[in-house]
2 protein chains.
Amino acid sequence: MFSIGALAKRTGTKVQTIRYYEQIGLMPEAGRTAGGQRRYAASDLDRLSFIRHARQLGFGLEAIRELLDLADRPGQSCSDADSIARRQLKQVAERIARLQALQTELERMISECAGGLVADCRVLEVLRDHSECLTNHEEIGG
Amino acid sequence: MFSIGALAKRTGTKVQTIRYYEQIGLMPEAGRTAGGQRRYAASDLDRLSFIRHARQLGFGLEAIRELLDLADRPGQSCSDADSIARRQLKQVAERIARLQALQTELERMISECAGGLVADCRVLEVLRDHSECLTNHEEIGG
DNA sequence: CACAAATCTACATATACTGTAGCTTTAACA
DNA sequence: TGTTAAAGCTACAGTATATGTAGATTTGTG
């Protein structure tokens, strides 16, 4: 049994974030001491680790909720989990592509901005001038 | 002169988002028709294009505000704009690295999840099991 | 037992939008 | 010119994912 602070440290999560996860039902309601402080067991550490890893992998909280629900009912097919992962992979690949285009553009912007005046500064022009645009015009994924 | 809907279409922005930008002072207050509808000029299209490009490039609204302020005062040194761009480039490179680690892990997860049962499903195990973790444990950038 | 550190609740704030309700304006067509 | 559907208006609430703060209480340690 350990405190919320210990759990926070072990998982690299803010204390408030753990309480937030409890509030939205992603973490179960923790047991309490006589004085009302939360105490956690190893299973809570596992669950929170799962959540944090999934967050780092770009899963949204709803996708994580789905995965946890699946994990809570073992013995069922994992095709659902697989399809969630595939969905995420697709998004991740798209984000990488977009960021790489972005990286190129920023590098070009910086290399062309050689300490001149704003009026001549490519940093602003590249973003202002449509014809020089290298990125597509889709929304950034929510 | 064109309507907010036309501006939205040309820039790939939601109408509400344009109004939101006006509200937070990122876009100037638009001129109005006698009936109170907003009407935009080419300069507004330029400005919004600038904002949307910058957003796609990963700039936060405050960074964009800084850049626009610089652009509104031409003739000054662009070293500030340059440093903003460099800051962004650093973040972008980090995001790409993190996403690539993430991509590898998702691919592994999917390849190892061959339609089995959840109890055996690596999708869940990889996320649950700390020892198999390939990613670092930093926060996802805010 | 004293006391600092950690925790508690409740609420506010942040970022960047998105959605809805209910009413008004515009523009196109007959 | 009259009608009417589409688009626009304001105001407010909601979303996702947390983070920050205030002020009171609990815990663990010397």
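All values reported here derive from a predicted model rather than from experimental measurement.

A. How the structure looks around helix H3 (residues 42-56) of chain B. Between the first and last C-alpha of H3(B) there are 21 Å, a value that for 15 residues agrees with the 21 Å anticipated at 1.5 Å per step. Among all positions in H3(B), only Asp44(B), Leu45(B), Leu48(B), Ser49(B), Phe50(B), Ile51(B), Arg52(B), His53(B), Ala54(B) and Gln56(B) are buried.

B. Quick look at the environment of Glu66(A). Residues and elements named next belong to chain A. With respect to the helices and strands, the residue Glu 66 is situated in helix H4 (residues 61-71). Through-space distance from the C-alpha of Glu 66 to that of Asp 80 is 8.8 Å; in sequence the pair is 14 residues apart. The residues contacting Glu 66, other than those within four sequence positions of it, are Ile 84 and Arg 87.

C. Geometry of the protein's contact with DNA strand C. Around DNA strand C, the surrounding shell holds 21 residues, and the nearest of these are Ser3(A), Arg19(A), Arg38(A), Thr33(B) and Arg55(B). Residue Gln16(B) places a side-chain N or O atom 3.4 Å away from a base nitrogen belonging to DNA strand C. Elements with a contribution of two residues or more to the surface near DNA strand C: helix H1 (4-11) of chain A together with helix H2 (15-23) and H3 of chain B. Among the elements that line the surface near DNA strand C, the one with the most residues is H2(B), at 4 residues. Broken down by class, the residue content of the surface near DNA strand C amounts to 4 nonpolar, 10 polar and 7 charged.

What counts, and at which threshold
Residues numbered from 1 in each chain as written. Chains lettered and ligands numbered in written order. Predicted model: local features only at pLDDT ≥ 70, side-chain atom pairs only at ≥ 80, totals over all residues. Heavy atoms only, no water. Helix = DSSP H or I, 4+ residues; strand = E, 2+ residues; numbered from the N terminus. Expected span 1.5 Å × (residues − 1). Buried < 20%, exposed > 50% of the residue type's maximum accessible area, 1.4 Å probe, protein only. Contact = heavy atoms within 4.5 Å. Near = heavy atom within 4 Å. Polar contact = N/O pair within 3.5 Å; in protein donor to acceptor, adjacent residues only side chain to side chain. Nonpolar A, V, L, I, M, F, W, Y, C, P; charged D, E, K, R; others polar.

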